[in-house]
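For reference, the chains in residue letters:
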Amino acid sequence: MTTTASPRVLEHPARDRIRLEEVLHALADAVRLRIVRDMAREDTELSCSYFDLPVTKSTTTHHFRVLRESGVVRQVYRGTAKLNVLRREDLDALFPGLLDTVLAAATAQADREKAGEGGGATA
């Protein structure tokens, strides 16, 4: 007996089901924050393979799942590629200014680290 292959559809929370604590948890991880920064900068759908992350493929999959399930990104299949897009409109409607503030803080931190100021504690 053969079965018809169904299109791969990924579960995403509806806008009204996105919770602040889950978004903050997703953004609290350095790898996931890097993904979100890249997505915000590019402002278009990006395949998972676009991201050059310092983790294994299975760990990358985990990070994207956390971002999707928290409502930070939307993932869709186009052929064999899984494309990702930031749910900026939903996040801005629910938590005005949050994403821009987090992204600005992450950029400032990255700039400090590049300049050599972000490494250690001060006395």
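Just above, that's the structure.
The text that follows walks through the structure, step by step, so that each part is easy to find. (Residues numbered from 1 in each chain as written. Predicted model: local features only at pLDDT ≥ 70, side-chain atom pairs only at ≥ 80, totals over all residues. Heavy atoms only, no water.)

### Side note on the packing of aromatic side chains
So, point 1. Taken as a whole and assessed by the stated rule, the structure comprises two aromatic pairs.
So, point 2. Consider the rings of Tyr50 and Phe51, whose centres lie 5.2 Å apart with planes at 85°: the pair is edge-to-face.
So, point 3. Its relative accessible area of 37% is what places Tyr50 among the partly exposed residues.
So, point 4. Assessed through its relative accessible area of 8%, Phe51 is described here as buried.
So, point 5. Grouping aromatic residues by their ring pairs yields a cluster made of Tyr50, Phe51 and Phe64. (Phe/Tyr/Trp six-rings, centres within 6.5 Å; stacked < 30°, edge-to-face > 60°. Buried < 20%, exposed > 50% of the residue type's maximum accessible area, 1.4 Å probe, protein only.)

### What to know about the pattern of salt bridges
So, point 1. Counted by the stated rule, this structure contains 10 salt bridges.
So, point 2. Between Arg15 and Asp90 there is a salt bridge whose closest N-O contact spans 2.7 Å. Pair noted here: Arg15 is in the segment before α1 (20–27) and Asp90 is in helix α4 (residues 88–94), with a separation of 75 residues, a long-range link.
So, point 3. Taking relative accessible area as the criterion, Arg15 reaches 33% and is therefore assigned partly exposed.
So, point 4. Its relative accessible area of 13% is what places Asp90 among the buried residues.
So, point 5. In this structure, the salt-bridge partner of Arg87 is Asp90, at a minimum N-O distance of 2.9 Å.
So, point 6. Looking at Arg87, the relative accessible area reads 5%, which means it is buried.
So, point 7. A cluster of three or more residues bridged by salt bridges with shared partners is formed by Arg15, Arg87, Glu89 and Asp90. (Salt bridge = Lys/Arg side-chain N within 4 Å of Asp/Glu carboxyl O. Helix = DSSP H or I, 4+ residues; strand = E, 2+ residues; numbered from the N terminus.)

### Quick look at the sheet that holds strand β3 (residues 81–86)
So, point 1. With antiparallel pairing, three strands are arranged side by side in an open sheet as β1-β3-β2. Edge positions in the sheet fall to β1 (46–47) and β2 (73–78), since each has one partner strand and no second.
So, point 2. Here two bridges tie β1 to β3, and the two strands are oriented antiparallel to one another. Considered in β3, the bridge of Leu46 is made with Asn84.
So, point 3. The strands touched by helix α3 (residues 57–70) are β2 and β3; relative to β2, the strand with the most contacts, the crossing angle is about 115°. (Pairing = 2+ DSSP bridges. Contact = heavy atoms within 4.5 Å. Axes fitted to C-alpha atoms, helices over the stretch in contact; angles between N-to-C directions.)

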